[in-house]
Amino acid sequence: RKEVEQDPGPFNVPEGATVAFNCTYSNSASQSFFWYRQDCRKEPKLLMSVYSSGNEDGRFTAQLNRASQYISLLIRDSKLSDSATYLCVVNFGSWGKLQFGAGTQVVVTP
Amino acid sequence: GAVVSQHPSRVICKSGTSVKIECRSLDFQATTMFWYRQFPKQSLMLMATSNEGSKATYEQGVEKDKFLINHASLTLSTLTVTSAHPEDSSFYICSARGAGGLNEQFFGPGTRLTVL
C-alpha cells in the first residue's frame, strides 16, 4: 500500500467552478501536511501547509482529518492558471523527510 | 522564498558515463539537502538525505555506490550518477532546508537526465 494515495484524475473543471479532492496517508505518526503544485516538467512549489483546524489561502481551502487520515484541497472560482498537478505531501520524520503522493491532475477549461 | 538552483537543467549522455548534478542554495545556508527522482506520471521518490559535512543517508533500494552524494558546504550538494544506464533516465530534483525550520523545503528546478 502506498504511503500517500491520491486520485490521479484528471479533474476537468469549467472555469469559475469549484473542485475538491482528497488524499489519504497511511502513517498515523505523520506530523505535517502540505499541498504542493507541480506544473508539467517543473519542480514542485509549495501551495499551502495544512493545519489541524483547516485553513484558507485565497481561493484555496485545505482540511485535515487525522481520525480518518486524509487531507483535502478545495479550489473555488477556478482559473485557467490553476491547471496543474496537485501533490499531497506528508512529513513523518524528525529529519523533515517528505512523502509525496503521485498527484491529482486538474484541468480548468474555458 | 529561498532560492535553490540546479545545474545542469538537462543532460543527455551515453550509457556508461557518469553525470554530476549540482544543487545550490543561493540565499541561505542549507544544513540538509534532499535528492529526489521522479519518473513520468509518478510521485517524487526520495533517494537520499544529505547533511553538510556528513555521509548521506540513502533510502532503501537506492544504491549508494551508484548515486554518489557530496554535501561539502552549506550551500552546495552534488549528486553523481555513476555508470549511467537508460533506466537511470529520470527527472532529478533537489531540495534544501535551512537551519531555521523543520518543515519547509525549497526545491530546485530539477535536472532532466536522458541516458542513451
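Residues numbered from 1 in each chain as written. Chains lettered and ligands numbered in written order. Predicted model: local features only at pLDDT ≥ 70, side-chain atom pairs only at ≥ 80, totals over all residues. Heavy atoms only, no water.

Chemist: Residues and numbers for unusual backbone geometry, please.
Modeler: The linkage connecting A:Gly9 with the following residue, A:Pro10, adopts the cis geometry, with an omega of 10°. Along the chain, the position of A:Pro10 falls in the loop between strand E1 (4–6) and strand E2 (11–14). At the junction of B:His7 and B:Pro8, the peptide bond is cis and its omega measures out at 0° in the coordinates. Residue position: B:Pro8 is located in the loop between strand E1 (4–7) and strand E2 (10–13). (Helix = DSSP H or I, 4+ residues; strand = E, 2+ residues; numbered from the N terminus.)

Chemist: Explain the interface of chain A and chain B residue by residue, including any values.
Modeler: Size of an interface, as often reported, equals the accessible area lost when the parts are brought together. Opposite the 19 residues of chain A that make contact, chain B presents 22 residues. Across the interface of chain A and chain B, roughly 1600 Å² is buried in total on both sides, 52% from carbon and sulfur atoms. For the pair chain A and chain B, the number of links is 1 salt bridge. With a closest N to O distance of 3.0 Å, A:Lys97 and B:Glu59 form a salt bridge. Run the count over chain A and chain B and you get 2 residue pairs in polar contact (both at pLDDT 80 or more). Among the secondary structure elements, those contributing two or more residues to the side of chain A that touches chain B are strand E4 (32–38), strand E5 (44–50), strand E9 (84–91) and strand E10 (98–100) of chain A. No other element matches the 4 residues that E4(A) contributes to the side of chain A that touches chain B. Looking at side-chain class alone, the side of chain A that touches chain B contains 9 nonpolar, 6 polar and 4 charged residues. (Contact = heavy atoms within 4.5 Å. Buried area = accessible area lost by both parts, 1.4 Å probe. Salt bridge = Lys/Arg side-chain N within 4 Å of Asp/Glu carboxyl O. Polar contact = N/O pair within 3.5 Å; in protein donor to acceptor, adjacent residues only side chain to side chain. Nonpolar A, V, L, I, M, F, W, Y, C, P; charged D, E, K, R; others polar.)

Chemist: Describe the pattern of salt bridges, listing the residues and the values that go with them.
Modeler: Residue and element names in this part refer to chain B. Overall, the coordinates contain 8 salt bridges over all chains when judged by the stated rule. Note that Lys66 and Asp88 form a salt bridge whose closest N and O atoms lie 2.9 Å from each other. With Lys66 in the loop between strand E6 (57–58) and strand E7 (67–73) and Asp88 in the loop between strand E8 (76–81) and strand E9 (90–98), this pair connects stretches of sequence that are 22 residues apart. Of the two residues, Lys66 and Asp88, neither departs from the other in class, the shared state being buried. (Buried < 20%, exposed > 50% of the residue type's maximum accessible area, 1.4 Å probe, protein only.)

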